Structure formats: C-alpha cells, structure tokens
Amino acid sequence: MKKIFIILSIVIVSALYSNAADDIVPAKGFTWGGDIGSTIDFSSSGKSSIDAEMNFGYKCPYFKVIGVGAGIHTCLSSNNTFIPVFALLRTSFSSKPKLCFLELKGGYSFNSLGNVSQSAPFGSIGLGCNLYRNSKFSSHIILSYNFYKINDFTTDDDKNVDAEDMHAVSIRIGINF
C-alpha cells in the first residue's frame, strides 16, 4: 500500500509540473464555462448520477478559474437529485501553462431524496488535464473525488432513515471561455 501511495504521489507531482503542449500565455479576466460527466457512487447507496455544471469566475496566469459554480446531478437508479452550489479553484501552481491542474470545490448541496429535501455540505478534489487551449477557450477532462453530506431524515409515513454520507468519483469533460 505504501508503494502505491508513493507511485501515485510521484505521478501527480510530475503531472502538475509537466509542460503543456502549447506555450499560450493565459489571459486575465472574466471566464465562464461548463462541464458534463458522470458520478459513480462508492457508498453503495444507488446514487450514481449524470452531471451538468456551470462556473463563472476570474482567470489569470496562476488560476485557470477562481470563482463560483452550480450543478445538477440526477441519479440514475433512484429518485434523487443533488444541486451543489460551490466555490471553485483550478490551478497548476504555476504562472506558465501546464498540462495538468488541481481542482478544489467546496460549498453546499441542496438534495432531493425522493420526497425529502435537505441541504448539507459538499466538497470535491480532482486532477484535470487540458485537452486543448488557445487564447479564446480551453477544454479539459477532470477526475475527482466528491463528498456529499447526507443527513438522517424522516419519510412521509414517519419512518426514520439513517442516511449514509455519499463518497463518489466523477469524470467530467468541460470547456471554459
């Protein structure tokens, strides 16, 4: 297990500090974009979903995006929907263009669990790779770990449900302008 952790750490650090295929200097200013993808639920609660997200923020050489976003994650095998609203940071920790970047998201998710609505904290950390970049837009793919806090709740027929938090992995493809 220790060897796997060391190898994974080396791969992540190498990817973050590798040079991108092009040397386009990132522009400064307003940016907006969207991602689509899928989330696989690893908590065995049937909450795997199809996802769509939008983000708005600022871009500069150090940050691919620093801003806010919102999404809708609709579960495939249950009548559940998650609507995360979050702060977003995408950075390669360098002012020069890099192939890979780190994505951090933190915020609140408004959850619809069947007939029950609730809101709770949401967080995500991921590693992204730039697919294409020019002075007007960039495209990327992101693999991330997601955490959704799910509170215990009572159903309409007064049954108490001990809900488990959701741990998931998502893969998304997106574009920013």
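What counts and what doesn't
- Residues numbered from 1 in each chain as written.
- Predicted model: local features only at pLDDT ≥ 70, side-chain atom pairs only at ≥ 80, totals over all residues.
- Heavy atoms only, no water.
- Phe/Tyr/Trp six-rings, centres within 6.5 Å; stacked < 30°, edge-to-face > 60°.
- Helix = DSSP H or I, 4+ residues; strand = E, 2+ residues; numbered from the N terminus.
- Buried < 20%, exposed > 50% of the residue type's maximum accessible area, 1.4 Å probe, protein only.
- Pairing = 2+ DSSP bridges.
- Axes fitted to C-alpha atoms, helices over the stretch in contact; angles between N-to-C directions.
- Salt bridge = Lys/Arg side-chain N within 4 Å of Asp/Glu carboxyl O.

This part covers the packing of aromatic side chains. Summed over all chains, the structure comprises seven aromatic pairs. Ring centres of F86 and F122 lie 6.1 Å apart, and the angle between their planes is 45°; this geometry places the pair in the tilted category. With F86 in strand 4 (residues 80–91) and F122 in strand 6 (residues 116–133), the pair connects residues that are 36 residues apart, well separated along the chain. Across the pair, exposure class does not vary: F86 and F122 are buried alike. An aromatic cluster of three or more residues is present, and its members are W32, Y132, F137 and F177.

We now examine unusual backbone geometry. The backbone of F93 sits at a positive phi, close to 60°, despite the residue not being glycine. Note that F93 resides in the loop between strand 4 and strand 5 (100–113). A relative accessible area of 46% means that F93 is categorised as partly exposed.

So, on to the sheet that holds strand 1 (residues 29–41). If you trace the eight strands once around the closed barrel, you get 1-2-3-4-5-6-7-10, paired in antiparallel fashion. Taken pair by pair, the neighbouring strands of this sheet meet at an average axis angle of 25°, ignoring direction. Two elements, strand 2 (residues 49–59) and strand 3 (residues 63–75), share ten bridges in a ladder whose sense is antiparallel. If you follow I50 over to strand 3, its bridge partner there is T74.

The next point concerns the pattern of salt bridges. When their charged atoms lie close together, side chains carrying opposite charge are able to pair. If you walk through the whole model with that rule in mind, you get seven salt bridges. The partner of E53 in a salt bridge is R172, and the shortest N-O contact between them spans 3.8 Å. With E53 in strand 2 and R172 in strand 10 (residues 166–176), this residue pair connects regions lying 119 residues apart in the sequence. With respect to class, E53 is no different from R172; both count as buried. What emerges from the salt-bridge pattern is a single network uniting D35, E53, R90, E103, K105 and R172.

Purely geometric numbers; function is a separate question.
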